[in-house]
Amino acid sequence: MNRVQWSRLDAGARAALLARPAEMNAPDVSEQVAAILADVRERGDRAVRDYTQRFDGIVLNEPRVSVADMDEASATLPAALRTAIEEAAARIEAFHRAGMAADYALDTAPGVRCERMLRPIARVGLYVPAGSAPLPSTALMLGIPARLAGCEEVVVCTPPRADGRADPAVLHAARVCGIDRVYRIGGVQAIAAMARGTASVPACDKLFGPGNGWVTEAKRQVSSGAGAVGIDMPAGPSEVLVIADAGANPGFVAADLLSQAEHGPDSQVILLSDDDAMLDAVDAQVRAQLAQLPRAGIARQALACSHLVRVASLDEAFEISNRYAPEHLILALRDARAWLPRVRRAGSVFLGDWAPEALGDYCSGTNHVLPTSGAARYCSGVNVSSFQVAITVQEVSAEGLAQVGPCAAELASAEGLEAHRRAVTLRLEAAA
Ligand SMILES: NC(=O)c1ccc[n+]([C@@H]2O[C@H](COP(=O)([O-])OP(=O)(O)OC[C@H]3O[C@@H](n4cnc5c(N)ncnc54)[C@H](O)[C@@H]3O)[C@@H](O)[C@H]2O)c1
Ligand SMILES: N[C@H](CO)Cc1c[nH]c[nH+]1
Ligand SMILES: [Zn+2]
C-alpha cells in the first residue's frame, strides 16, 4: 500500500489519492458497454448468448433456471450454509421491516387533506454478482426489501459458473426471498436484458444490485436517454475507509482492509491514522495476512491503488473521509460512538473494534448494497423505500379551496400563468 502524509500533499496529489481506480478506466469501459447494450437491444437473446459465451465461456441454451434446478440447489446445499442463509435473512428482514416508511395524511388547512401513499414498483430486476465469487448474500440484500415492499414480479440475473449452472447458494437465497425467476446471465448483457427485455427476460422498471465496473457502467447507461429505467445507485467495486487511533488493533484493521481488497482488483481500501506506529503495524499485518489468503493475487492488485495515510489529527481524518464519502467507514477509535456525529457522508458505518465490516456484508441486518465512487454524498444504501414509489394525494373541499385558493391565484399571477389562476378563481367564484 502507498504510504503518504496528508499535510505534505498538494491539492492535485490529494485529489489523485482520493480518486477511485474504476474512474481512471471509465472511458474504455463506457464505449464497450454502449456497444453491448445496443447489440442486446437489437438482437435480444441471441446477443445475450454470444456475450455469455465470450465473457463467461458458457454456451447458454436455456437462460432461465428451472424449478427442478432450484429444488436441487436447496436440497444439496450443505445444511450449515442453508442455516446461515436463513439466519442472515431473518436479521436482514427484521432491520429492514423496522425502517419501512409509512403512508401518512395531514390537513394543511381546514378542508385541505394531503396524503402520501406508498406503492411497490411492479417489476424489479436484481443483479447478483458472481464473476470472481458468487454472492448469495447479495440475493438476500436485494430480495428481502423487494419482498417487504410488495413488488409483484422480481427477476434475478446472476452469471453462470464454469459448469454453466447458477450458484446453488444464490438460488437458495433467492428462494428464501420468494423469488423463482432466476436467469444465468451476468455482466452488461444481464443489465441490458433486464432493462429492455428479450424474448426470455422481462423488461423491468428498476434495476438493483452491485457489480464490477462493466455492470456499474451498464446500469448508468440504461438509466438515461430514451427508454430509460430506474436504477438503485452506483454500487461498484467495494471500498472501505478506516480511521484508526493509537489504541486500535492493527491485526483487526489489516483484516478489514484485506476483506474489501479481496473483492476485486479495482476495490480500494484506505487507512487514516494520526499515529505512525499504527500505520507501521497495520502495514506489517497486511503483508503477513495477505500471504495466507487464497485471493492474495486479487487483493494485491487492489492494494496497489490503496493508501496508508498519516493525518495530523482525527479532525483531519474526518474531513478527508467526508470528502471521500466511502461506501464503508470503520471507526477503529476509542469511544467510537462519540465521533459518530462527525460522519456526514458514508454508506455504512462500523463502530469500534468489534464491528468488522464483514458483519454488515452478511448478517448484522443492515444492507450491503451501498453507494460507491463518492455517491454516498447524495444517495443511500438499498432499503425498502428503494423498491417503492411515493404517490401524493390531495382532497379539497369548497371550504378548503376558499382557504388556500387565493394563495395559488397570487402565485399563478406572479408566474404569468393565467390558465392556472383561472382554474382556481373559477372555482372560488362558483363556490361563493
Ligand atoms: N457496492 C456494493 O454494494 C457492492 C456489493 C457487493 C459487491 N460489490 C462489487 O461487485 C463486484 C463484483 O464483481 P465480479 O466481477 O466478481 O462479478 P460481476 O457479476 O459484477 O461481473 C461478472 C461479469 O462481468 C462480465 N465481464 C467480465 N469481463 C468482462 C469484459 N472484459 N468486458 C465486459 N464484460 C466483462 C462477465 O459477463 C461476467 O459475467 C466487485 O467489484 C465487488 O467489489 C459491490
Ligand atoms: N463488501 C461487499 C459490498 O461492498 C458486499 C459483500 C458480499 N459478500 C461479501 N461482501
Ligand atoms: Zn465484502
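Residues numbered from 1 in each chain as written. Chains lettered and ligands numbered in written order. Predicted model: local features only at pLDDT ≥ 70, side-chain atom pairs only at ≥ 80, totals over all residues.

If you check an unreviewed UniProt entry, the chain appears there as Histidinol dehydrogenase from Marilutibacter spongiae. On record in UniProt, under Sequence similarities (unreviewed entry), the comment for the chain is "Belongs to the histidinol dehydrogenase family." The annotation that UniProt attaches to the chain under Pathway (unreviewed entry) is "Amino-acid biosynthesis; L-histidine biosynthesis; L-histidine from 5-phospho-alpha-D-ribose 1-diphosphate: step 9/9." (UniProt positions renumbered as here; feature names shortened; annotations may be inferred.)

A. Quick peek at the overall build of the chain. When you go through the chain residue by residue, the secondary structure sums to 17 helices and 14 strands. Dimensions of the chain, computed from the C-alpha atoms along their principal axes, are close to 85 × 60 × 40 Å. Taking all 432 residues of the chain together, 43% fall into the buried category. Within the chain, counting contacts between residues at least 6 apart in sequence, those at least 24 apart form 76% of the total. (Helix = DSSP H or I, 4+ residues; strand = E, 2+ residues; numbered from the N terminus. Buried ≥ 20, exposed ≤ 12 C-beta atoms within 10 Å, placed from the backbone. Contact = placed C-beta atoms within 7 Å.)

B. How the structure looks around the site of ligand 2. Around ligand 2, the neighbouring residues are Leu 135, Ser 137, Thr 138, Ser 238, Gln 260, Glu 327, Asp 361 and His 368. A per-class count over the shell around ligand 2 returns one nonpolar, five polar and two charged. Two domains each donate at least three residues to the shell around ligand 2, and these are domain 1 (2-24 + 237-377) and domain 2 (44-231). (Near = placed C-beta within 6 Å. Nonpolar A, V, L, I, M, F, W, Y, C, P; charged D, E, K, R; others polar. Domains from an automatic or database assignment.)

C. Region of interest: the UniProt feature "active site" (unreviewed entry) in the chain. Residues given the UniProt feature "active site" (unreviewed entry) here are Glu 327 and His 328. The residue Glu 327 is located in the loop between helix H13 (314-324) and strand E12 (328-332) in this model. What makes Glu 327 buried here is the crowd of 31 C-beta atoms within 10 Å. Among all residues touching Glu 327, those that are not within four sequence positions of it are Ser 238, Glu 239, Gly 347, Leu 370, Pro 371, Thr 372 and Ala 376. Looking at the secondary structure, you find His 328 in strand E12. When the 25 C-beta atoms within 10 Å are taken as the criterion, His 328 is described as buried.

D. Region of interest: the nonpolar core. By size, the foremost hydrophobic cluster in this structure holds 69 residues, and its most contacted members are Leu 126, Leu 140, Val 156, Ile 191, Met 194 and Leu 207. At eight residues, the largest contribution of residues to this core is made by helix H6 (residues 136-149). Apart from the residues lying within four places of it in its own chain, the contact partners of Leu 207 are Gly 125, Tyr 127, Ile 191, Met 194, Ala 195, Lys 219, Val 222, Val 229 and Ile 231. Judged by nonpolar contacts, the second largest core, of 40 residues, contains Ala 244, Leu 308, Ile 330 and Ala 346. (Core = buried A, V, L, I, M, F, W, Y, C linked by C-beta atoms within 7 Å.)

E. Inspection of the packing of H6 against helix H7 (residues 168-176) at higher detail. Their axes nearest at 8 Å, the elements H6 and H7 cross at an angle of 20°. Here H7 runs roughly parallel to H6, going by the angle between their axes. Here the hand of the crossing between H6 and H7 comes out right-handed. Judged by residue contacts, Pro 136, Ala 139, Leu 140 and Gly 143 of H6 engage Ala 169, Val 170, Ala 173, Ala 174 and Val 176 from H7. (Axes fitted to C-alpha atoms, helices over the stretch in contact; angles between N-to-C directions. Parallel < 35°, antiparallel > 145°, perpendicular 65-115°, else oblique. Left-handed = near helix turned anticlockwise from the far one by under 90°.)

F. A look at the sheet that holds strand E14 (residues 388-396). One open sheet holds the three strands; their spatial order is E2-E3-E14, and the pairing between them is antiparallel. The strands lining the two open edges of the sheet, one partner per strand, are strand E2 (104-109) and E14. Adjacent strand axes in the sheet meet at a mean angle of 25° when their direction is disregarded. Direction of pairing for strand E3 (residues 112-120) relative to E14: antiparallel, over a ladder of nine bridges. What sits directly across from Leu 118, in E14, is Ala 390. (Pairing = 2+ DSSP bridges.)

G. A look at the sheet that holds strand E13 (residues 348-351). On the basis of which strands lie adjacent, the open sheet formed by six strands has the order E1-E11-E10-E9-E12-E13 and parallel pairing. Two strands in the sheet have a free side with no partner beyond their single neighbour: strand E1 (2-5) and E13. Pairs of neighbouring strands in the sheet enclose a mean axial angle of 15°, with direction left out of account. Relative to strand E9 (residues 239-244), helix H10 (residues 250-261) is tilted by about 165°, and along the sheet it contacts E9, strand E10 (268-273) and E12.

H. Region of interest: the site of ligand 1. Taken together, 31 residues lie around ligand 1, and Gly 131, Gly 186, Gly 187, Pro 210 and Gly 211 are the ones closest in. Residues that form the shell around ligand 1 fall into these classes: 14 nonpolar, 15 polar and two charged.

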